[in-house]
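# Residue-level structural notes
Letter by letter, the chains look like this.
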There are 2 protein chains.
Amino acid sequence: MSRKVLVVDDEPALARALAINLRAHGWEVVTAADGRSALDAAATTHPDVVVLDLGLPDMDGTEVLAGLRGWTKVPIVVLSARQHGEDKVEALDLGADDYVTKPFAMNELMARLRAAVRRGEEAEPALVDVEVGSLVIDLARKRVTRAGVDVRLTPTEWSFLELLARNLGRLVTREQLLREVWGPAHVGESHYLRVYAAQLRRKLEDDPAHPRHLITSPGLGYTLEA
Amino acid sequence: MSRKVLVVDDEPALARALAINLRAHGWEVVTAADGRSALDAAATTHPDVVVLDLGLPDMDGTEVLAGLRGWTKVPIVVLSARQHGEDKVEALDLGADDYVTKPFAMNELMARLRAAVRRGEEAEPALVDVEVGSLVIDLARKRVTRAGVDVRLTPTEWSFLELLARNLGRLVTREQLLREVWGPAHVGESHYLRVYAAQLRRKLEDDPAHPRHLITSPGLGYTLEA
DNA sequence: AGGGTCCTTGACGGGTCCTTGACGGGTGAC
DNA sequence: GTCACCCGTCAAGGACCCGTCAAGGACCCT
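Cut-offs and rules
- Residues numbered from 1 in each chain as written.
- Chains lettered and ligands numbered in written order.
- Predicted model: local features only at pLDDT ≥ 70, side-chain atom pairs only at ≥ 80, totals over all residues.
- Heavy atoms only, no water.
- Near = heavy atom within 4 Å.
- Helix = DSSP H or I, 4+ residues; strand = E, 2+ residues; numbered from the N terminus.
- Nonpolar A, V, L, I, M, F, W, Y, C, P; charged D, E, K, R; others polar.
- Pairing = 2+ DSSP bridges.
- Axes fitted to C-alpha atoms, helices over the stretch in contact; angles between N-to-C directions.
- Contact = heavy atoms within 4.5 Å.
- Buried < 20%, exposed > 50% of the residue type's maximum accessible area, 1.4 Å probe, protein only.
- Right-handed = clockwise from strand over helix to strand, strands pointing away.
- Buried area = accessible area lost by both parts, 1.4 Å probe.
- Salt bridge = Lys/Arg side-chain N within 4 Å of Asp/Glu carboxyl O.
- Polar contact = N/O pair within 3.5 Å; in protein donor to acceptor, adjacent residues only side chain to side chain.
- Phe/Tyr/Trp six-rings, centres within 6.5 Å; stacked < 30°, edge-to-face > 60°.
- Parallel < 35°, antiparallel > 145°, perpendicular 65-115°, else oblique.
- Left-handed = near helix turned anticlockwise from the far one by under 90°.

Take the protein's contact with DNA strand C next. Every one of the 20 residues lining DNA strand C counts as a neighbour, but Thr156(A), Trp182(A), Thr156(B), Trp182(B) and Tyr192(B) are closest to it. Elements with a contribution of two residues or more to the surface near DNA strand C: helix H6 (155-166) and helix H8 (191-204) of chain A together with helix H6 (155-166) and helix H8 (191-204) of chain B. Split into classes, the residues belonging to the surface near DNA strand C amount to 10 nonpolar, six polar and four charged.

Shown next, in the form of structure tokens:
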């Protein structure tokens with residue numbers, strides 16, 4: 001579930017109020033107080049949506065807008081005190097997804113953010129296929145093919161493999177596996193991991209006794225290697 | 001390239017004013033004065049964007065919104081006299097792309113339409129007919145034919161099938177099915193799924209005992225396969 | 001009120017999957 | 001060399017899930 005929002009506003013009071021409300025609604029919040037740090041933050045944190053106040057100290061808000069649109073299609077909701085005028089038109093034509101005038105109702109802003117994120121997800125479906133050797137892991141369809149033929153996985157096997165695939169090349173600790181696949185109550189019962197790692201190797205590896213993709217890190221966890 | 005806009009408004013004066021202004025800006029305009037003709041017009045003319053007034057004579061504007069969102073992702077800009085209240089939130093959560101309160105500046109509406117169309121272009125084309133083997137699922141008219149003949153579906157059966165059709169080839173989880181067809185309160189009662197999957201197979205599959213389209217993923221959910 | 005449709009709920013057989021235990025091999029510590 | 005620990009393997013029982021049939025009852029239309 002992706003829901004990180006970048007709030008760009010130079011008024012500390014408003015920025016803080018926004019952050020508190022957003023966090024209360026389950027958002028992860030990153031804030032920036034000027035244009036330069038906004039562009040930096042967007043580049044480094046990859047938010048799912050941006051709330052951008054046009055009145056910034058260091059550069060015109062429209063410049064920030066143009067700067068963002070230069071490289072990303074992340075939804076941008078513009079916030080402005082200017083009720084009338086060409087600002088709205090200009091902002092929307094520059095690529096803003098929505099325009100809210102201050103003062104605004106918090107629940108309206110929330111709804112507009114949800115709408116913006118929803119559109120953003122439709123436009124660019126996240127990570128879909130993970131390829132590992134002759135394996136293709138289709139995260140959207142929850143299916144695996146090996147050299148083109150379907151491999152039948154049980155729900156637990158899939159859950160296990162999915163977590164590894166989403167962390168391709170990175171070590172996934174035993175604790176993380178147990179927590180996400182079996183639930184927090186089963187952390188410590190690492191026998192599960194051995195059984196299911198073996199089952200997956202039997203289904204996915206050319207030589208299950210000498211795995212090349214599903215690698216064990218003794219005492220630590222497992223890694224899916226490309 | 002002339003863009004087509006569907007204007008849904010029951011006030012002739014406003015509708016005419018909108019049409020004139022839009023045509024002056026190079027739009028091709030189709031108008032509808034009530035909800036039913038709006039849905040028909042959307043299905044037959046495939047507009048690039050819809051301007052929808054919430055105050056309609058025959059049905060609630062939100063119903064029209066939901067009716068459109070059932071089968072198309074065409075951008076919808078909602079027009080309303082109601083300045084405040086939950087209407088905005090409701091409309092946006094139902095899938096509206098933007099919300100403009102009357103009175104509004106014509107150039108602002110133009111800008112919002114441009115923005116909406118621009119986003120709509122990035123999204124995938126609207127899904128109207130889904131073809132699966134000898135089945136044709138008409139999402140706009142909520143009908144199914146099998147080898148050309150109509151298949152009678154109950155409302156719940158349709159709702160079940162529609163969700164699968166909109167995610168053709170993708171696994172729809174049990175939770176998602178239960179939430180969207182029976183409501184969030186019934187998540188967990190997967191017995192429903194078995195009953196309705198069997199009913200649909202009896203109506204849609206050549207050999208209900210060996211389904212080729214409505215596929216079960218044990219423990220996960222169902223997929224509609226082409 | 002009556003008939004019909006549709007949703008809900010129960011029971012049951014068959015099959016799959018999860019859990020659990022036991023065992024052997026490899027490795028490092030002492 | 002022995003011990004402890006962790007990993008991988010195999011097998012079996014029981015729990016869970018799926019598909020199916022059918023009946024009760026709510027709801028709607030006439």
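Turning next to the sheet that holds strand E5 (residues 98-101) of chain A. For sheets, the rule is that strands pair by backbone hydrogen bonds, running either parallel or antiparallel. Residues and elements named next belong to chain A. The parallel open sheet is built from five strands, whose spatial order is E2-E1-E3-E4-E5. Where the open sheet ends on each side, the last strands, each with one partner, are strand E2 (28-32) and E5. Averaged over all neighbouring strand pairs, the angle between strand axes comes to 20°, with direction disregarded. Bridging between strand E4 (residues 76-80) and E5 involves four bridges; their strand directions are parallel. Opposite valine 78, over in E5, you have tyrosine 99 as the bridge partner. Sheet strands touched by helix H2 (residues 35-45): strand E1 (4-8) and E2. Its angle to E1, the strand with the most contacts, is close to 170°.

Let us now look at the pairing of E4(A). Residue and element names in this part refer to chain A. Counting buried residues in E4 gives five out of five residues, a clear majority hidden from the surface. By the alternation rule, side chains of E4 split into Ile76, Val78 and Ser80 and Val77 and Leu79, which are all buried. Both strand E3 (residues 49-53) and E4 contribute to a ladder of four bridges, which runs parallel. Within E4, the position partnered with valine 51 by the bridge is valine 77. This β-α-β element, E3 to helix H3 (residues 61-69) to E4, shows right-handed connectivity.

Further remarks concern the interface of chain A and chain B. Residue-level contacts link 26 residues of chain A with 29 residues of chain B. Interface area for chain A against chain B, summed over the two sides, is near 2,500 Å², with a carbon-plus-sulfur share of 48%. Area buried by chain A at its contact with chain B is led by Leu92(A), Arg112(A) and Arg119(A), which between them contribute 18% of it. Summed over the shared surface of chain A and chain B, the result is four salt bridges. Asp93(A) is the salt-bridge partner of Arg114(B), the closest N and O atoms lying 2.9 Å from each other. On inspection of chain A and its partner chain B, the count reaches seven residue pairs in polar contact (both at pLDDT 80 or more). Per element, the largest residue contribution to the side of chain A that touches chain B is nine residues, and it comes from helix H5 (residues 106-123) of chain A. Of the residues in the side of chain A that touches chain B, the class split is eight nonpolar, two polar and 16 charged.

With that settled, the discussion passes to the packing of aromatic side chains. All names here are of chain A. Taken as a whole, this structure holds eight aromatic pairs over all chains when the rule is applied. Between the aromatic rings of tryptophan 182 and tyrosine 192, the centroid separation amounts to 5.1 Å while the plane-to-plane angle is 10°, which identifies the pairing as stacked. A residue pair is termed long-range when its members are at least 10 positions apart, and tryptophan 182 in helix H7 (residues 174-182) and tyrosine 192 in helix H8 qualify at 10 residues. Residue tyrosine 192 is classed as partly exposed on the basis of its relative accessible area, which comes to 30%. Both rings, one in tryptophan 182 and one in tyrosine 196, keep their centres 5.5 Å apart while their planes meet at 65°; by these two values the pair is edge-to-face. Remark: tyrosine 196 occurs in helix H8 and tryptophan 182 occurs in helix H7; sequence separation between them is 14 residues. Since its relative accessible area comes to 17%, tryptophan 182 is described here as buried. The buried category is assigned to tyrosine 196, whose relative accessible area is 19%.

Right, let's get into the packing of H6(B) against helix H7 (residues 174-182) of chain B. All names here are of chain B. The N-to-C vectors of H6 and H7 enclose an angle of 135°; their axes lie 10 Å apart at closest approach. When the axes of H6 and H7 are compared, the pair comes out oblique. Here the hand of the crossing between H6 and H7 comes out right-handed. Across the interface between the two elements, Thr156, Ser159, Phe160 and Leu163 of H6 pack against Gln176, Leu177, Glu180, Val181 and Trp182 of H7. Of the residues contributing to the contact of H6 with H7, the split by class is five nonpolar, three polar and one charged.

Let's shift gears to the protein's contact with DNA strand D. Around DNA strand D, a shell composed of 19 residues is seen, among which Thr216(A), Tyr222(A), Arg194(B), Thr216(B) and Tyr222(B) lie nearest. Gly219(A) places a polar main-chain atom, nitrogen or oxygen, 2.9 Å from a phosphate oxygen of DNA strand D. At 2.9 Å from a phosphate oxygen of DNA strand D is found a side-chain nitrogen or oxygen belonging to Tyr222(A). Those elements that place two or more of their residues in the surface near DNA strand D are H8 of chain A together with H8 of chain B. For the surface near DNA strand D, the element with the most residues is H8(B), which contributes five residues.

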